[in-house]
Amino acid sequence: MRKISIVAGLTTFVMAGCAVANEDDVRVAPIDPGVSTQAFTGSRRRVVVFKADTLPSDASSRLARNGARVRKQIAELGVATVDADGTTAAKIAADPTVAAIGSERSWAIPKHRVFGRRHRPKPEAPKDFLYGAQWDQRRIRADRARANVSRVAQSRVTVAVLDVGVFGDHPDLVGKVVDGVDTSYAHKPDSGCSEPAVPAGFPAYFTRFNFLAADPVSGAVPCEPVEDFASVQGHGTHVAGTIAANIDPNSAVVGVGPSLNIAAYKVFDRLHLADGEEDQILAFDGPLFEAIADAARKGYAVANMSLGGILDRNDPDQNASWQAWNRAANLATRKGTLLIAAAGNDSLLTNGRNVAAVPADLSAVVSVSATGTSKLLGPFEFGSVWGPLNAAPGSDVLAFYSNYGSRVDLAAPGGDCGPTFPNGCEQQYLIVSSTPLYVPSWSTDPALPPPGLYADLTWMAGTSMAAPHVAGVAALIKAKHPSWGPLLIRRQLEQSAERIGPRSSQQFGSGMVDADRATR
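Given the structure is predicted, the values throughout are model-derived calculations rather than measurements. (Residues numbered from 1 in each chain as written. Predicted model: local features only at pLDDT ≥ 70, side-chain atom pairs only at ≥ 80, totals over all residues. Heavy atoms only, no water.)

Asker: Before we go on, may I ask you to explain helix H9 (residues 319-335) in this structure?
Answerer: Because an α-helix packs 3.6 residues into every turn, residues spaced three or four apart end up facing the same way. With 17 residues, H9 should cover 24 Å at 1.5 Å per step; its first-to-last C-alpha distance of 24 Å lies within 8% of that length. Of all the positions in H9, only Ala320, Ser321, Trp322, Ala324, Trp325, Arg327, Ala328, Ala329, Leu331 and Ala332 are classed as buried. Positive backbone phi, at 105°, marks Gly336, one or two positions downstream of H9. (Helix = DSSP H or I, 4+ residues; strand = E, 2+ residues; numbered from the N terminus. Expected span 1.5 Å × (residues − 1). Buried < 20%, exposed > 50% of the residue type's maximum accessible area, 1.4 Å probe, protein only.)

Asker: Which parts of the structure should I look at to understand the packing of aromatic side chains?
Answerer: What describes a pair of aromatic rings is the distance from one ring centre to the other and the angle between the planes of the rings. With the rule as written, the count across this model stands at four aromatic pairs. Measuring from ring centre to ring centre gives 6.4 Å for Trp107 and Trp325, while their planes differ by 80°; the resulting arrangement is edge-to-face. Here Trp107 is found in strand S8 (residues 106-108), whereas its partner Trp325 is found in helix H9, with 218 residues between them in sequence. Each of the two residues, Trp107 as well as Trp325, counts as buried. With a centroid separation of 5.3 Å and an interplanar angle of 80°, the aromatic rings of Phe400 and Tyr401 are classed as edge-to-face. Given a relative accessible area of 31%, Phe400 falls into the partly exposed group. Judged by its relative accessible area of 2%, Tyr401 is buried. (Phe/Tyr/Trp six-rings, centres within 6.5 Å; stacked < 30°, edge-to-face > 60°.)

Asker: Which parts of the structure should I look at to understand the state of the cysteines?
Answerer: Disulfides are covalent bonds that connect the sulfur atoms of two cysteines. Going through the model one piece at a time under the given rule, you end up with one disulfide. One disulfide bridge connects Cys417 with Cys425, the sulfur atoms lying 2.3 Å from each other. In this structure, the disulfide formed by Cys417 and Cys425 twists by about -75° around the S-S bond and is classed as left-handed. Overall, Cys425 belongs to the partly exposed group, its relative accessible area being 41%. (Disulfide = S-S within 2.5 Å.)

Asker: What is the right way to read the nonpolar core from this model?
Answerer: Counting residues in hydrophobic clusters, the biggest one holds 62 residues, and the most contacted among them are Ile243, Ile340, Val470, Val473 and Leu493. Residue contacts for Leu493: discarding those within four places in its chain leaves Leu338, Leu410, Val470, Val473, Ala474, Ile477 and Val513. Core analysis: the second largest hydrophobic core is formed by 45 residues, Leu288, Met305, Val358 and Ala360 among them. (Core = buried A, V, L, I, M, F, W, Y, C linked by side-chain atoms within 4.5 Å. Contact = heavy atoms within 4.5 Å.)

Asker: I'm lost on helix H8 (residues 285-297) in this one. Help?
Answerer: Between its first and last C-alpha atoms H8 spans 18 Å; for 13 residues at 1.5 Å apiece the expected length is 18 Å, and the two agree. Most of H8 is tucked away: 11 of the 13 residues are buried. What H8 keeps buried is the set Asp285, Gly286, Pro287, Leu288, Phe289, Ala291, Ile292, Ala293, Asp294, Ala295 and Ala296. Where H8 ends, the next residue or the one after it, Gly299, has phi of about 80°, a positive value.

So this is what it looks like as structure tokens:
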């Protein structure tokens, strides 16, 4: 029987903006690619951009004749991803219908984590008992905006979350996940693993986050989820909670728009590595393009991408990815989907002529930097007093990890370690939201509850946490003005933002997103 209860605590401090990783940097175990589709053998996966904005009718046969193995085809973009060695890539490049071919890029969830205390709330804890700790929601005046947009209007708007997936059975998110789509390379409907083979307590879509891997010796494919999935998959649930966590007697936190819906897109793959190295969690171009196209096709008003990395436009091999990303972003805009992206956690000024933060630097994407506060007002004692906490007036600072530059459009709370950093990290200065917790059967940790699946609450920091604040406000604007498209919503976000810091600093774009002013 499923065990779902609330476990609250500082479980993870995640610098969650996302760094880039290339296939060249990864050594992969010798796994049959027919079983583990994210595995690389002797070939490399590449992005093919056709000259037409849609795929030619004979695209598959053209690519196959040249020796490529087609992995994904995104018809609306005129883009495909293929397995192709150097000789095959040269043949494809010579095809008169092809505009560009280059290595497929991959984007990783960062691994900077600090584990802290974990506490379970008392059974009599009131509803939304952690709302007092959500200084970030009050900083963007989301509490006031909820009075501006009816719950019925909110319920008509869906935000696509392109991430590792969302734990839809979390009490904060029950009934909020209205769509679940797995575009990852690892997802194979014909894998032989049926849902009943998965341990009870894992929602159907959730099981696909546990990426299949074959035994390198026997070739056997286990159907069980990997035991450490919660440490990876909390990211998407945390993002979704910031956007749309319920106001409900069973919930712990409150989202920007508590009646908004979530479409969960699983775009990350687990890459099985050789020589005992830790597996990597990567989002490749193909699954991301497919997810963007699907969200746009379905008419989802907003898509949040708390991911990204750096692309070198001076490298011809990366040009195909750049072209394909621009097509994907422009398609979303034409179809009515506003893309929101994290600016990144590299502490970089990303104004280099040939260096682009992708997807944040794309002109059709709203780029969000992260703020912290130098001073919180209000009581906070973990486990007993939950605030209310509020950022002191004039205390906004660029979070120490946040990227910045001329392409940043808006700022939002992403949290940081507070005034004691770098000599300490104060939990209350981070961003609290929903996460899952899976305690494996072999756990002997006395600090953890008994084995099972639990609803968790976690404090995190990153531009990954900043972006969903803006995505939530964008969705509220759409709920208030159903006829508005991406350009009008974006203009409203920027014109209603609260000016903080000098514009010349390039740290905050148009300013701090203001949910109240944006929805009046």
